[in-house]
Amino acid sequence: ARIRCFRLSCGDISVELSSLGASIARILLPNYRDAESGRDDVVLGYRSPRDQHDDRNRPFFSAIVGRVANRIERGRFELNGEEYRLDCNDGPNHLHGGNDGFCHRIWSA
């Protein structure tokens, strides 16, 4: 699937979204202290969706996380008496949905 980008604007404010990880790529706001500098990007993230893809978004910048948000210790848990094992992508732990988490998927829009 192809990574797509979208821009929503209202006046001087715009939001750029990416289909990779359903990410917020940029939020551009007017710089009211220095009008000559234009707008500031207030999102911590990558320069491009391709950079995010190639790095596997290890810091999980601006993307949705899932299937779980946070760490599951040792990549396993018990539910209704049955133990479930998950892939470990953060040392001995499962973090934010593992190696195939939602932040690595390309979403349709």
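For the structure itself, consult the block above.
Our subject in this report is the structure included herewith. Residue positions are given per chain, counting from 1 as you read along its sequence in written order. With pLDDT at 70 or above as the cut-off, local features in this predicted model cover only qualifying residues; side-chain atom pairs require 80 or more to be listed or tallied, and sums for whole chains, interfaces and linings still use all residues. To obtain the side-chain values, all non-hydrogen atoms of the structure were included, while hydrogens and water were left out.

Comments concerning the overall build of the protein
Our working definition: Runs of H or I in DSSP of at least four residues are treated as helices and runs of E of at least two as strands, each being numbered from the N terminus. Throughout, the radius of gyration refers to the C-alpha atoms, and the reference size of a globule is 2.2 Å times the residue count to the power 0.38. The cut-offs for exposure are 20% and 50% of the maximum accessible area for each residue type, with area from a 1.4 Å probe on protein chains only; residues under the lower value are buried, those over the upper are exposed, and the others partly exposed. Whether two residues are in contact is decided by their heavy atoms: any pair within 4.5 Å suffices. All accessible-area figures derive from a Shrake-Rupley calculation using a 1.4 Å probe, and residue coverage is judged against the displayed protein chains alone. Note that His is not counted, nor are the chain ends; the positive residues are Lys and Arg, and the negative ones are Asp and Glu. Each charge is placed at NZ for Lys, CZ for Arg, CG for Asp and CD for Glu.
Looking only at helices and strands, the protein features one helix and eight strands. Starting at the N terminus and ending at the C terminus, the protein contains elements arranged as β-β-β-β-α-β-β-β-β. Computed over its C-alpha atoms, the radius of gyration of the protein comes to 17 Å, more than 25% above the 13 Å expected for a compact globule of 109 residues. Along the three orthogonal principal directions, the C-alpha set of the protein runs to about 60 × 30 × 25 Å. Within the span of the protein, comprising 109 residues, buried residues form 28% of the whole. Counting only contacts in the protein whose residues sit at least 6 apart along the sequence, the fraction spanning at least 24 positions is 40%. Carbon and sulfur atoms make up 49% of the accessible area of the protein, which amounts to about 7,600 Å² in all. On the protein, the mean spot of the 16 positive side-chain charges and the mean spot of the 16 negative ones are 4 Å from each other.

Some words on the pattern of salt bridges
Applied cut-off: What makes a salt bridge here is a side-chain nitrogen of Lys or Arg within 4 Å of a carboxyl oxygen of Asp or Glu, nothing more.
Scanning the entire structure with this criterion turns up seven salt bridges. The salt bridge partner of Asp41 is Arg26, with a shortest N-O separation of 4.0 Å. With a gap of 15 residues between them, Asp41 in strand S4 (residues 39-41) and Arg26 in strand S3 (residues 23-30) connect regions that are remote in the sequence. For Arg26, a relative accessible area of 23% corresponds to the partly exposed category. Each of Arg7, Glu16, Arg26 and Asp41 takes part in one network of salt bridges that share partners.

Brief notes about unusual backbone geometry
The general pattern is negative phi for most residues beyond glycine and trans for most peptide bonds. Residues Gly66 and Arg67 are joined by a peptide bond in cis, for which omega reads 5°. Counting through the fold element by element, Arg67 comes out in the loop between helix H1 (49-55) and strand S5 (71-72). Its identity is not glycine, yet Asn70 carries a phi of approximately 120°, on the positive side. Inspection of the secondary structure puts Asn70 in the loop between H1 and S5. The backbone of His96 sits at a positive phi, close to 50°, despite the residue not being glycine. Along the polypeptide, His96 turns up in the segment after strand S8 (94-95). The class for His96 is buried, based on a relative accessible area of 16%.

Describing a nonpolar patch on the surface
Applicable threshold: What makes a patch is a set of residues exposed beyond 30% relative accessible area and free of salt bridges, joined within 9 Å when like-charged and within 5 Å when nonpolar (Val, Leu, Ile, Met, Phe, Trp, Tyr).
A contiguous nonpolar surface patch, about 260 Å² in accessible area, is contributed by Phe77, Leu79 and Tyr84. Tracing the chain through its elements places Leu79 in strand S6 (residues 76-79). The class for Leu79 is partly exposed, based on a relative accessible area of 46%.

Some details on the pairing of S6
Going by this rule: Pairing between strands requires that DSSP locate at least two bridges from one strand to the other.
By the bridge criterion, four bridges tie S6 to strand S7 (residues 82-85) in an arrangement that is antiparallel. Note on S7: the bridge partner recorded for Phe77 is Tyr84.

Function cannot be read off these values alone, since they describe shape.
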